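# Examining the three-dimensional arrangement
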Amino acid sequence: PRMKKSTVRRVDSITVVRQRDRIVFTFHGTGFLQNMVRILTGTLLEIGLGERCPDDMEAILASHSRASAGFTAPAQGLFLWDVTY
């Protein structure tokens, strides 16, 4: 029987920096699932805009439910910076 691939990923760090007219999110981790970075970004934007409480993030992650997370940020501006083995 085929084993299902794990969907567990480890995010080591997320940095958020304002650079003039933009906000730059940098994610570092062991790997990312489809739309994972965009969903995390959307959720963090909602927190930054005051639409969610920062303390909600722990419960959102613990829920393992996509429905509890924020919106999926658009892909414009998203790029892969580096891959390390």
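Attention here is on the structure that accompanies the text. (Residues numbered from 1 in each chain as written. Predicted model: local features only at pLDDT ≥ 70, side-chain atom pairs only at ≥ 80, totals over all residues. Heavy atoms only, no water.)

## Brief notes about the overall build of the chain
- The helix and strand tally for the chain stands at two helices and two strands.
- Helices and strands appear in the chain in the N-to-C order β-β-α-α.
- Dimensions of the chain, computed from C-alpha atoms along their principal axes, come out at roughly 50 × 30 × 20 Å.
- Put simply, the chain has 85 residues, and 20% of those count as buried.
- A separation of at least 24 residues holds for 38% of the contacts in the chain among residues at least 6 apart in sequence.
- Accessible surface for the chain amounts to roughly 7,300 Å². Of this, 56% is attributable to carbon and sulfur atoms.
- Across the chain, the centroid of the 11 positively charged side chains sits 11 Å from that of the 8 negatively charged ones. (Helix = DSSP H or I, 4+ residues; strand = E, 2+ residues; numbered from the N terminus. Buried < 20%, exposed > 50% of the residue type's maximum accessible area, 1.4 Å probe, protein only. Contact = heavy atoms within 4.5 Å. Areas by Shrake-Rupley, 256 points an atom, 1.4 Å probe, with all protein chains shown as cover. Lys, Arg positive; Asp, Glu negative; His and termini not counted. Charge placed at Lys NZ, Arg CZ, Asp CG, Glu CD.)

## Structural notes on the pattern of salt bridges
- Scanning the entire structure with this criterion turns up three salt bridges.
- The closest approach of N and O atoms between Arg-10 and Asp-12, which form a salt bridge, is 2.6 Å.
- Here Arg-52 and Glu-46 are joined by a salt bridge, their closest N and O atoms 2.5 Å apart.
- Classification of Arg-52 as partly exposed rests on a relative accessible area of 22%. (Salt bridge = Lys/Arg side-chain N within 4 Å of Asp/Glu carboxyl O.)

## Thoughts on the packing of aromatic side chains
- A complete count under the given rule lists one aromatic pair for this structure.
- Measuring from ring centre to ring centre gives 5.8 Å for Phe-79 and Trp-81, while their planes differ by 40°; the resulting arrangement is tilted. (Phe/Tyr/Trp six-rings, centres within 6.5 Å; stacked < 30°, edge-to-face > 60°.)

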